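Topology and contacts: notes
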Amino acid sequence: MKELVEVIAKSLVDHPDEVVVTEKETEKSIIIKLHVAEGDMGKVIGKQGRIAKAIRSVVKAASSKEEKKVIVDIE
């Protein structure tokens, strides 16, 4: 999941070298934290959060085979 979020984020931003994705796994969930440059934050979130919602939907679909909840947190 980490690699998927990283590929999507790097394709959206102007500074792909500043994209940092970390993954933390707990008993019932996987938390993916996405950190981008300050100027690229709007590109990752989108108008009214549409792009962020789309990223979360893609990750949720990709993780449907796992029995853990996946949370994408944009910092």
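The rules behind the values
- Residues numbered from 1 in each chain as written.
- Predicted model: local features only at pLDDT ≥ 70, side-chain atom pairs only at ≥ 80, totals over all residues.
- Heavy atoms only, no water.
- Pairing = 2+ DSSP bridges.
- Helix = DSSP H or I, 4+ residues; strand = E, 2+ residues; numbered from the N terminus.
- Axes fitted to C-alpha atoms, helices over the stretch in contact; angles between N-to-C directions.
- Contact = heavy atoms within 4.5 Å.
- Parallel < 35°, antiparallel > 145°, perpendicular 65-115°, else oblique.
- Left-handed = near helix turned anticlockwise from the far one by under 90°.
- Nonpolar A, V, L, I, M, F, W, Y, C, P; charged D, E, K, R; others polar.
- pLDDT = per-residue confidence, 0-100.
- Salt bridge = Lys/Arg side-chain N within 4 Å of Asp/Glu carboxyl O.

For the rest of this paragraph, the subject is the sheet that holds strand 1 (residues 20–25). What the 3 strands build is an open sheet, ordered 1-2-3; its pairing is mixed. The outermost strands of the open sheet, each flanked by one partner alone, are strand 1 and strand 3 (69–74). Across this sheet, the average inter-strand angle for adjacent strands is 15°, counted without regard to direction. The pairing of strand 1 with strand 2 (residues 29–35) spans 6 bridges and is classified as antiparallel. Bridged to Thr 22 within strand 2 is Lys 33. Helix 3 (residues 50–62) rests against strand 2 and strand 3 of the sheet, and its axis sits at about 155° to strand 3.

It is the contact of helix 1 (residues 2–12) with helix 3, at a shortest axis distance of 10 Å, that shows an interaxial angle of 155°. In terms of orientation, helix 1 lies roughly antiparallel with respect to helix 3. When you trace helix 1 past helix 3, the crossing you get is right-handed. Across the interface between the two elements, Leu 4, Val 5, Ile 8 and Leu 12 of helix 1 pack against Ile 51, Ile 55, Val 58, Val 59 and Ala 62 of helix 3. Considered class by class, the residues forming the contact of helix 1 with helix 3 number 9 nonpolar, no polar and no charged.

On to the confidence of the model for the chain, then. For the chain, the mean per-residue pLDDT works out to 92, and 100% of the residues sit at or above 70. Mean pLDDT across the secondary structure elements of the chain bottoms out at strand 3, with 92, and peaks at strand 1, with 95.

A separate point is the pattern of salt bridges. On inspection of all chains with the given rule, the structure shows 4 salt bridges. With its nearest N and O atoms 2.3 Å apart, the salt bridge here joins Lys 43 to Asp 14. You can see Lys 43 sitting in helix 2 (residues 41–45) and its partner Asp 14 sitting in the loop between helix 1 and strand 1, a full 29 residues away along the chain. The shortest N-O distance in the salt bridge between Glu 25 and Lys 68 comes to 2.6 Å. Here Glu 25, found in strand 1, pairs with Lys 68, found in the loop between helix 3 and strand 3; they are 43 residues apart in sequence, far enough to count as distant.

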